[in-house]
Structures are given as C-alpha cells and as structure tokens.
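Here is how the chains run, residue by residue.
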Amino acid sequence: MGALSIQHLLVVLVVVMVLFGAKKLPEIGGGLGRAIRNFKKATTEPDEIDITSRNNGNDNGKPM
C-alpha cells in the first residue's frame, strides 16, 4: 500500500475515460498544463507594486 502500480494507473485511466470521454481528455490535459504553468509563473515572478499617485490631481499633496 502506498505506491501506485501500473494496474492502479490503468484502472484510473479507464475510469477517467468513461467519465469524461476520449474527446474531453486533451482539453482537460491542456487546461491542467496551463494551470500548472501559470502557477509556476506566479511563484517565480516578483510581486507587482502599484506606485501610482492617489492625490487625484491635487498638486499640494494633501488627500481630498
């Protein structure tokens, strides 16, 4: 118990094919790949900081 064998993986694949159908599998795989790629991109990019002014055109720097 613990590690998945080839038989376990084949059973899972058959169940997934029965539930979703063969035509949906590439779409699911593509969506999963994009999600993983976006997650990796988000974890490696530095956080963006908003440095825009909030004085709404007020030149003296005091908030309205």
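The structure displayed is predicted, hence computed values, not measured ones. (Residues numbered from 1 in each chain as written. Predicted model: local features only at pLDDT ≥ 70, side-chain atom pairs only at ≥ 80, totals over all residues. Heavy atoms only, no water.)

Student: Report on the overall build of the chain, specifying residues and quantitative values.
Tutor: The helix and strand inventory of the chain stands at two helices and zero strands. Counting the 64 residues in the chain, one finds 0% classified as buried. Split by element, the accessible area of the chain, about 6,400 Å² in all, is 64% carbon and sulfur. (Helix = DSSP H or I, 4+ residues; strand = E, 2+ residues; numbered from the N terminus. Buried < 20%, exposed > 50% of the residue type's maximum accessible area, 1.4 Å probe, protein only. Areas by Shrake-Rupley, 256 points an atom, 1.4 Å probe, with all protein chains shown as cover.)

Student: Pulling in residues and values, what's your account of a nonpolar patch on the surface?
Tutor: Together, Leu4, Ile6, Leu9, Leu10, Leu13 and Met17 make up an exposed nonpolar region whose accessible area comes to about 600 Å². Assignment of secondary structure puts Met17 in helix H1 (residues 6-20). (Patch = residues over 30% accessible without salt bridge, like charges linked within 9 Å, V, L, I, M, F, W, Y side chains within 5 Å. Salt bridge = Lys/Arg side-chain N within 4 Å of Asp/Glu carboxyl O.)

Student: How would you sum up the pattern of salt bridges? Please name residues and give values.
Tutor: For the structure shown, the criterion picks out one salt bridge. Residue Glu27 is joined to Lys24 by a salt bridge in which the shortest nitrogen-to-oxygen separation is 3.5 Å. Judged by its relative accessible area of 51%, Glu27 falls in the exposed class. Under the relative-accessibility criterion, Lys24 is labelled partly exposed at 43%.

Student: Describe in detail H1, supporting the description with residues and values.
Tutor: In this model H1 runs 21 Å from its N-terminal to its C-terminal C-alpha over 15 residues, within 8% of the 21 Å that 1.5 Å per residue would give. Immediately downstream of H1, the backbone of Gly21 shows phi near 90 degrees, a positive value. (Expected span 1.5 Å × (residues − 1).)

In short, the description is geometric, and any link to function would need to be established separately.
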